[in-house]
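What follows is each chain in one-letter form.
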Amino acid sequence: MAGKPKLYYFDGRGKMESIRWLLAAAGVEFEEEFLETREQYEKLLQGGSLLFQQVPMVEIDGMKMVQTRAILSYIAAKYNLYGKDLKERALIDMYVGGTDDLMGFILIFPFLSAEDKEKQHAVIVQKATSRYFPAYEKVLKDHGQDFLVGNSFSWADIHLLEAILMVEEKKSDVLLGFPHSIPTIKKFLEPGSQRKPVPDDKYVETVRRVLHMYHDKKAN
């Protein structure tokens, strides 16, 4: 019997959080090793675990997988969250790609200067409400189902829900009434789960220390 997937990343959201969400939605328990020192990171590099010298990295089914999109695609396919045929997979990829674009505006937020954070906050809300959320509302309306693709829950739905909650942390009433009733997701949203909180100064300091990242990112 295969062991639990093991996730290597920081004790925070970043690019690993979507992987945590997808595993949680699939009902899969996982272990985590948090990177807190440069030495831990160097050990992974020297051991050949990081093909492109970057995290996230996930040990699963005998593989040491890197590249977030590849990891997510594998998990989605393994746990039947990737559509029933090639056409549905293409739609899921398209919708996930759009959600990724929106998330990109949010992921850099903790690493911005105070001045740029104010600007970026406005950008996030504007992009979400005028471009991305209306697009998904149209997809759902045209599709006539409770799901973005086909007639069942998929990676696209999970990714969108994650993005909605991220934007709601910036503007609480951005999309009232969106359902959070999927049992595995509901469990992941409860206190004590492996979902990570909003990135704080400690998380930013850890990432900078481990990756030797000593400059502020720029707002989009």
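If you look the chain up in an unreviewed UniProt entry, it shows as Glutathione S-transferase from Accipiter nisus. Quoted verbatim from the Catalytic activity (unreviewed entry) field of UniProt, the annotation for the chain is "RX + glutathione = an S-substituted glutathione + a halide anion + H(+)". The chain has a UniProt comment under Sequence similarities (unreviewed entry) that states "Belongs to the GST superfamily. Alpha family."

Novice: Help me out: how do you make sense of the side chain of Lys-170 in this one?
Specialist: The topology assignment puts Lys-170 in the loop between helix H6 (155–168) and helix H7 (183–189). There is no salt bridge for the buried Lys-170, and the closest opposite charge comes from Glu-169, which lies 6.1 Å off by N-O distance. Discounting chain neighbours no more than four positions away, the residues touching Lys-170 are Ile-106, Phe-109, His-121 and Ile-124.

Novice: Sorry if this is basic, but what is going on with the layout of surface pockets here?
Specialist: Take a probe with the size of a water molecule and roll it over the atoms, and the empty space left behind shows itself. Taken as a whole, the largest pocket encloses approximately 940 Å³ of empty space. As for the largest pocket, its lining consists of 40 residues, and the residues nearest its centre are Tyr-9, Gly-14, Lys-15, Leu-107 and Tyr-203. Looking at the lining of the largest pocket, the elements that each hand over two or more residues are helix H1 (17–25), helix H3 (68–78), helix H4 (86–107), H6 and helix H8 (201–211). Element by element, the count of residues in the lining of the largest pocket is highest for H8, at five residues. Partitioned by chemical class, the residues of the lining of the largest pocket number 21 nonpolar, seven polar and 12 charged.

Novice: Would you mind going over the environment of His-212 with me for this structure?
Specialist: Residue position: His-212 is located in the segment after H8. For His-212 and Arg-38, which are 174 residues apart along the polypeptide, the C-alpha to C-alpha distance reads 8.0 Å. Excluding residues that lie within four positions of it along the chain, His-212 makes contacts with Arg-38 and Val-207.

Novice: Got a minute to help me understand H8 in this structure?
Specialist: Since the α-helix advances by 3.6 residues per turn, residues separated by three or four positions end up pointing in the same direction. For H8, every residue scored as buried is listed here: Tyr-203, Val-204, Thr-206, Val-207, Arg-208 and Val-210. Check the buried side of H8 and you find it contacts strand S1 (6–9) and helix H2 (38–46). Regarding H8, its N-cap is Asp-200, as a side-chain oxygen of that residue lies 3.3 Å from the backbone nitrogen of Lys-202 further along.

Novice: Please explain the pattern of salt bridges as it appears in this structure.
Specialist: If charged atoms from side chains of opposite charge come close, those side chains can pair. If you walk through the whole model with that rule in mind, you get 16 salt bridges. Here Arg-13 and Glu-169 are joined by a salt bridge, their closest N and O atoms 2.8 Å apart. Taken together, the residues span a long stretch of sequence, with Arg-13 in the loop between S1 and H1 and Glu-169 in the loop between H6 and H7 at a distance of 156 residues. You can call Glu-169 partly exposed: its relative accessible area is 36%. A salt bridge links Lys-84 to Asp-85, with the shortest nitrogen-to-oxygen separation between them at 4.0 Å. Residue Asp-85 is classed as partly exposed on the basis of its relative accessible area of 33%. The network of salt bridges with common partners includes Asp-11, Glu-17, Arg-20, Glu-32 and Lys-196.

Calculation criteria
Residues numbered from 1 in each chain as written. Predicted model: local features only at pLDDT ≥ 70, side-chain atom pairs only at ≥ 80, totals over all residues. Heavy atoms only, no water. UniProt positions renumbered as here; feature names shortened; annotations may be inferred. Helix = DSSP H or I, 4+ residues; strand = E, 2+ residues; numbered from the N terminus. Buried < 20%, exposed > 50% of the residue type's maximum accessible area, 1.4 Å probe, protein only. Lys, Arg positive; Asp, Glu negative; His and termini not counted. Salt bridge = Lys/Arg side-chain N within 4 Å of Asp/Glu carboxyl O. Contact = heavy atoms within 4.5 Å. 1 Å grid on protein atoms, 1.4 Å probe; cavity = no way out; pocket = protein on both sides within 12 Å on 5 of 7 lines; lining within 4 Å. Points joined across faces, edges and corners; volume = space filled by probe spheres on them. Nonpolar A, V, L, I, M, F, W, Y, C, P; charged D, E, K, R; others polar. Polar contact = N/O pair within 3.5 Å; in protein donor to acceptor, adjacent residues only side chain to side chain.

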